[in-house]
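Structure at a glance
Below are the chains, spelled out letter by letter.
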Amino acid sequence: MKNQTILITVLVAALIIVSLVLALDKLNLNVGNDEKTINVAGESSITAMPDKAEVQIRIETTSTSADTAKTNNQATSNKVIDSLKRIGISSSDIETQYYDLRKNQVWEKDQLVDKGYIAEHVLKVSTKDLDKAGLIVDEAVEAGATGVDQVSYTLTKEKEEQIKKEALAKATTSAREKAETIATSLGTKITGIKSVSESNVNVIPYYARAEAGIAKESADFGVQLQPKSLEITAYINVVYNIK
């Protein structure tokens, strides 16, 4: 009986020791570690003119027959695409953004009534000639497009990579300046970098609305679209060692 009591006491003590060790490890306590650090966030915001325009063109057709709605939509889509090619847009710059064939149902007298079918096709047209964005709108509507959902101005991949590097460099400089200010005010010096993490680099496109109704009414003189500069923001976190 005495031996059992001793054994139980030893086991309880061992469990307490293990629990304490696990708790210390979970809290990540590092006894005797006198490392000093400064954790700062650097940010930057720069502007750049876009070098790419994207136009989303919607072609919508309706019919009592699903096949007819689909066939008519295909015919109109082909006319729109052909008209865009005639003004110098290549096939590689025209892509399907969205396609849907669904029932056309409307509420009448508190119930859904079938009115046939709707076929919807959205094309995304890209161009590096920013002056051509308005012409794309005009040509698409004249060829039978139902509307222009969106015109956006953004950056090509090449220019985006270049601008992102500039934004990150400025964010890094911002972080360093902040750390040096803090270190000086504390009477310490920066001795090195412990860690760096990039939070985000964002390119915010500029969206210009182009309504199909306006495009049809102004076909004689064309839609005038003017791009605006884009904002590129970058964020970075840096942990500096100090002494």
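Please refer to the structure placed before this passage.
Okay, so let's go over this structure. Since we're looking at a predicted model, the values are computed, not measured. (Residues numbered from 1 in each chain as written. Predicted model: local features only at pLDDT ≥ 70, side-chain atom pairs only at ≥ 80, totals over all residues. Heavy atoms only, no water.)

This next bit is on the pattern of salt bridges. The final tally for this structure, using the stated rule, is 10 salt bridges. One salt bridge connects K52 with E54, and the closest N-O pair in it is separated by 3.3 Å. Here K52 falls in the partly exposed class, since its relative accessible area comes to 23%. For E54, a relative accessible area of 17% gives the class buried. Across the pair E160 and K164 runs a salt bridge whose closest N-O atoms are separated by 3.1 Å. (Salt bridge = Lys/Arg side-chain N within 4 Å of Asp/Glu carboxyl O. Buried < 20%, exposed > 50% of the residue type's maximum accessible area, 1.4 Å probe, protein only.)

For the rest of this paragraph, the subject is the nonpolar core. Membership of the largest hydrophobic core comes to 25 residues, with the highest contact counts inside it found for I57, V80, L84, I136, V151 and Y153. Where this core is concerned, the elements lending two or more residues are β2 (52-63), α2 (66-86), β4 (112-127), α3 (133-142) and β5 (147-154). With 5 residues, α3 is the largest single contributor of residues to this core. With residues near it in sequence (within four places) discarded, I136 still touches V55, I57, L84, I87, I89, V125 and T127. (Core = buried A, V, L, I, M, F, W, Y, C linked by side-chain atoms within 4.5 Å. Helix = DSSP H or I, 4+ residues; strand = E, 2+ residues; numbered from the N terminus. Contact = heavy atoms within 4.5 Å.)

Where strand β3 (residues 94-107) and β4 come together, 12 bridges link them in antiparallel fashion. The partner of E95 across the bridge, within β4, is K124. As consecutive antiparallel partners, β3 and β4 are separated by 4 residues, and within that stretch K109 has a phi angle of approximately 55°, a positive value. (Pairing = 2+ DSSP bridges.)

Now for the side chain of S44. Position of S44 among the secondary structure elements: in strand β1 (residues 36-48). A distance of 2.6 Å separates a polar atom in the side chain of S44 from the backbone oxygen of A167. Ignoring anything within four residues of it in the chain, the contact list for S44 reads A167, K170, A171, I232, T233 and A234. (Polar contact = N/O pair within 3.5 Å; in protein donor to acceptor, adjacent residues only side chain to side chain.)

Now for the sheet that holds β1. Read across the sheet, 3 strands follow the order β1-β8-β6 without closing on themselves; strand pairing throughout is antiparallel. The open sheet has two edge strands with one neighbour each: β1 and β6 (190-204). Looking at each pair of strands side by side, their axes are set apart by 15° on average, direction ignored. Judged from the 13 bridges that link them, β1 and strand β8 (residues 230-242) form a sheet pairing that is antiparallel. Paired with K36 across the strands is I242, a residue of β8. (Axes fitted to C-alpha atoms, helices over the stretch in contact; angles between N-to-C directions.)

Turning our eyes to something else, we now look at α3. In terms of burial, α3 is largely enclosed, as 7 of its 10 residues are buried. A133, G134, I136, V137, D138, A140 and V141 are the residues of α3 that are buried. At the C-terminal side of α3, G144 shows a positive phi close to 120°.

Attention now moves to the pairing of β2. Pairing analysis gives 7 bridges linking β2 to β5, with the strands arranged antiparallel. Across the sheet, E54 pairs through a bridge with S152, a residue of β5. Examined bridge by bridge, β2 and β4 share 11 bridges and lie antiparallel to one another. Residue pairing across strands places E60 opposite E120, the latter belonging to β4.

Further remarks concern the sheet that holds strand β7 (residues 206-208). Here we have 5 strands laid out as an open sheet, ordered β3-β4-β2-β5-β7, and antiparallel in their pairing. Looking at strand neighbours, the two that pair on one side only are β3 and β7, the edges of this open sheet. Averaged over all pairs of adjacent strands, the angle between strand axes in this sheet comes to 20°, irrespective of strand direction. Each of β2, β3 and β4 touches α2; the most contacted strand, β2, lies at about 150° to it.

This brings us to unusual backbone geometry. One non-glycine residue, K109, lies in positive phi territory at about 55°. Relative to the elements of secondary structure, K109 occurs in the loop between β3 and β4. According to the relative accessible area criterion, K109 is exposed, its value standing at 81%. Positive phi is not limited to glycine here, since D110 has a value of about 65°. Assignment of secondary structure puts D110 in the loop between β3 and β4.

Note that every value here comes from positions in space, so none of it alone points to a role or purpose.
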